[in-house]
Amino acid sequence: MHISYQVQAGDFSNAGNVSSNIKKILKQLNFHPSLIKRIIIALYEAEVNVVAHSYGGEVVCNIAPDTVIIVVTDTGPGIPDLSLAMTEGWSTATAEVREMGFGAGMGLANIRKNADELTIDTGANQPTSITMHFSVSTEVKNEP
Amino acid sequence: MSHDEPFHHTLTIRKDLCQGCTHCMKRCPTEAIRIIGGKAHVDPERCIDCGQCMGVCPHNAIVIEQSDFQQIFQFQYRIAIIPTLLIGQFEDSITELEMIDALHAIGFTHIHYAEFGVDILKTLGNKISVYADAHPVVSSYCPAVVRLIQLRYPSLLPNVNLMRTPAQIAALYARVKLIDQGIPSQEIGVFYVTPCAAKYAQIMTPGSATSGLIQGGLNLDSVFNLMQSYFAQRPRHYKVSPTKWEIPIITGPAFLWSLTKGESAMMQGRTLSIDEVHNVIEFLELVEDERHENLDFLELRACDTGCTGGVLTPRNRFLATERIKHHAATLPKILDETHRAQILALSDKLIHNLKIDRIVAKHSLQLDQDVTVAIKKLEQVKRITAALPGIDCGLCGSPTCRALAEDIARGNASIRRCVVLKVTDPKGLNHLAKIWGEAVQKEARIPIEQQPTPEV
Ligand SMILES: Nc1ncnc2c1ncn2[C@@H]1O[C@H](COP(=O)(O)OP(=O)(O)O)[C@@H](O)[C@H]1O
Ligand code: SF4
Ligand SMILES: [Mg+2]
């Protein structure tokens, strides 16, 4: 199953709506609660990054019984130094953005922690595309 | 509730009174109600017994199961555990002493405030301790909220406080105290006077947190009626002698526990109080996404203003709340030494029984147990929703167009129920009904509440 949503740049008041919608869907599909939690934490961070740091973009979600693949793409300006950006606590967020409660520099690190596989395609003056794979079997393995 | 027993439900639709008006269906926070054949039906898999439907029914067609008051007389020792909000149901002309007098007159031998459990807990541990595996701790006080979490927010179950509620602790103490005086346990009946369907349902669910502690629930409105008839029959100028009965002990802060902010006021750290079930749902969504910061304790109540908003409370919730606060101000802030000593003397019989078992999830949201089938059904839901008018008129008997689409995908309804398409596009409707299930009308698929309502 395939679903996609648009994300507006700078629309902080609606940041998180896409994650909420996808969460409702995943619950209806009877995925494991901890899998849903991982997906939503990672997706929320990627969604907020599009709002906070990009010119706008979209979230495409592909749901299969064994994997959930989420691709978050935007139209730029891109991340010049990805490994620096992945560092916990590193952020280019402005003071205003921080005041709104975003910009702690933990987003990309949290995405890496929660996704089973992560590919980030980006560069200076380029669009950014983040592909996150979540595998249903991870939860089954971790069951006590 | 802690074991995987089916929920006991207490709300019943009286088919003779129900007009199929959709008020309850639109109000239900879990979309558990459908109107089928002109009558409301409740899906027991989704109902959390919050009582919202009962509150909005203009025809008094939704009733709560009543237990027989006479059952208390099976026991020689009949303990009433009363919520402090009971006093709020009366105007100031009825004093606390008169309230206690009336409770004795209708048949109880011993009376305790449910919220006295707070004082017991505080005496045993020097503070109100909580017990949960995750942060922030979520109050387990309101059983409708706990059911909601079991059904819709299972990932938050580790956050639920597993410490017994004050009423359960008060019930335990009341029994232990009598046993300590040499009274056999089987001669003691403990009855909780409940302001709501949720607490009654909890008492009636086998294996729930109250099992063994509380023998029965008595609906507050019927107890209130018995008390009122006692007041009405008293001789004129009747005066209760101040020494006739012992007034049940309780401190001021404990007295306020069931009101909004009553519990959170006694908790450590940063707390938040949220009342009314739709507000609670809105907030649980946030908690689930961990999009809250630095919170330590969440007090969540299904009813507006807390338990004074319970469906079985006869008096206006704001007036009741005011009287409770007024009365609490006259009470001591801390428990006196004599009562503390009484509690501490029984501590070894209390402390090993202060926690409940872990609470298990119940699944209600999924379209199918099998993810593959669920995905297929969800794709169908998307297509059906796109074909429906999207005005959420409710005339089909489902609360929203989307809910009807889900009912169709689940095989519980036919698209022919859509009244708008029937008028605007009867041909198209025929066509769609062929694709998505011809006049399924599997009314029986949505189980109908069949609880008999015993007479009082
Ligand atoms: N979609 C994006 N487009 C451009 N820059 C981004 C994007 N996502 C992240 N970044 C850059 O990476 C940094 C770190 O991101 P993140 O770890 O989410 O922290 P934060 O968003 O709190 O700053 C950001 O400050 C920003 O400079
Ligand atoms: S808030 Fe109180 S009265 Fe209302 S359902 Fe919960 S426990 Fe019952
Ligand atoms: Mg970020």
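Residues numbered from 1 in each chain as written. Chains lettered and ligands numbered in written order. Predicted model: local features only at pLDDT ≥ 70, side-chain atom pairs only at ≥ 80, totals over all residues. Heavy atoms only, no water.

Focus on the interface of chain B and chain A
Many descriptions give the size of an interface as the accessible area lost when the pieces come together.
Point 1. Contacts between the two partners involve 24 residues from chain B, matched on the other side by 21 residues from chain A.
Point 2. The junction of chain B with chain A conceals about 2000 Å² of combined surface from both sides, 56% of it contributed by carbon and sulfur atoms.
Point 3. Area buried by chain B at its contact with chain A is led by R291(B), I375(B) and L378(B), which between them contribute 27% of it.
Point 4. Put simply, chain B and chain A have three salt bridges between them.
Point 5. In this structure, E288(B) and K23(A) form a salt bridge, with 2.7 Å as the shortest nitrogen-oxygen distance.
Point 6. Counting residues per element, the ones that place at least two in the side of chain B that touches chain A are α11 (277-288), α15 (371-387) and α16 (401-409) of chain B.
Point 7. Sorting elements by how many residues they give to the side of chain B that touches chain A places α15(B) first, with seven residues. (Contact = heavy atoms within 4.5 Å. Buried area = accessible area lost by both parts, 1.4 Å probe. Salt bridge = Lys/Arg side-chain N within 4 Å of Asp/Glu carboxyl O. Helix = DSSP H or I, 4+ residues; strand = E, 2+ residues; numbered from the N terminus.)

Quick notes on the site of ligand 1
Residue and element names in this part refer to chain A.
Point 1. Residues in contact with ligand 1 amount to 16 residues; listed here are only the nearest, H53, S91, T92, G105 and L108.
Point 2. One of the side-chain nitrogen or oxygen atoms of N49 is found 2.9 Å away from an oxygen atom of ligand 1.
Point 3. The protein chains hide 94% of the 530 Å² of surface that ligand 1 would expose on its own.
Point 4. Most atoms of ligand 1, that is more than half of them, are within 2 Å of grid points of the largest pocket.
Point 5. Mapped onto the shell around ligand 1, the elements with two or more residues apiece are α2 (33-53) and α5 (107-114). (Near = heavy atom within 4 Å. Polar contact = N/O pair within 3.5 Å; in protein donor to acceptor, adjacent residues only side chain to side chain. Areas by Shrake-Rupley, 256 points an atom, 1.4 Å probe, with all protein chains shown as cover. 1 Å grid on protein atoms, 1.4 Å probe; cavity = no way out; pocket = protein on both sides within 12 Å on 5 of 7 lines; lining within 4 Å. Sits in = over half its atoms within 2 Å of the grid points.)

Brief notes about empty space enclosed by the protein
Point 1. Here the structure, examined in full by the defined rule, presents eight cavities of 30 Å³ or more.
Point 2. As a volume, the largest cavity reaches approximately 200 Å³.
Point 3. Lining the largest cavity are 19 residues, and of these K27(A), F31(A), P33(A), I36(A) and P154(B) lie nearest its centre.
Point 4. The biggest single contributor to the lining of the largest cavity is α2(A), with four residues.
Point 5. Looking at the lining of the largest cavity, its residues break down into seven nonpolar, five polar and seven charged.
Point 6. Approximately 120 Å³ is the volume found for the second largest cavity.
Point 7. Every residue lining the second largest cavity is counted, 17 residues in all, and those nearest its centre are N161(B), R164(B), P166(B), W257(B) and E263(B).
Point 8. Here the lining of the second largest cavity gets three residues from one element, more than from any other, and that element is helix α5 (residues 116-125) of chain B. (Points joined across faces, edges and corners; volume = space filled by probe spheres on them. Nonpolar A, V, L, I, M, F, W, Y, C, P; charged D, E, K, R; others polar.)

A closer look at the sheet that holds strand β1 (residues 2-7) of chain A
Residue and element names in this part refer to chain A.
Point 1. Within the open sheet, the five strands sit side by side as β1-β2-β3-β5-β4. Their pairing is antiparallel. In the strand order of this sheet, the two ends are held by β1 and β4 (117-121), each with one partner. Neighbour to neighbour, the strand axes of the sheet diverge by 10° on average, direction disregarded.
Point 2. Across seven bridges, strand β3 (residues 67-74) lies against strand β5 (residues 129-135) in antiparallel orientation. Note that in β5 the partner of T73 across the bridge is S129.
Point 3. Most of the contacts of helix α1 (residues 17-28) go to β1, to which it runs at about 165°, and overall it touches β1, β2 (57-63) and β3. (Pairing = 2+ DSSP bridges. Axes fitted to C-alpha atoms, helices over the stretch in contact; angles between N-to-C directions.)

Things to note about the sheet that holds strand β11 (residues 297-301) of chain B
Residue and element names in this part refer to chain B.
Point 1. Strand order in this open sheet of three strands is β7-β11-β10, and the pairing throughout is parallel. Bordering the open sheet on either side are β7 (137-138) and β10 (271-275), each of which pairs with just one other strand.
Point 2. Here five bridges tie β10 to β11, and the two strands are oriented parallel to one another. Among the inter-strand pairings, D275 is bridged to a residue of β11, identified as R301.

Describing the domain arrangement of chain B
Point 1. Split by domain assignment, chain B resolves into domain 1 (69-353) and domain 2 (367-451).
Point 2. Using C-alpha coordinates to define each centre, domain 1 of chain B is positioned 43 Å away from domain 2 of chain B. (Domains from an automatic or database assignment.)

Some thoughts on the side chain of T321(B)
Residue and element names in this part refer to chain B.
Point 1. When you line up the elements, T321 lands in helix α12 (residues 317-328).
Point 2. What makes T321 buried here is its relative accessible area of 13%.
Point 3. Discounting chain neighbours no more than four positions away, the residues touching T321 are L259, T305 and T308. (Buried < 20%, exposed > 50% of the residue type's maximum accessible area, 1.4 Å probe, protein only.)

Concerning a nonpolar patch on the surface
All names here are of chain B.
Point 1. Residues L395, V419 and V423 make up a contiguous nonpolar surface patch of about 290 Å² in total accessible area.
Point 2. Within the fold, L395 resides in the loop between α15 and α16.
Point 3. With relative accessibility at 59%, the residue L395 sits in the exposed group. (Patch = residues over 30% accessible without salt bridge, like charges linked within 9 Å, V, L, I, M, F, W, Y side chains within 5 Å.)

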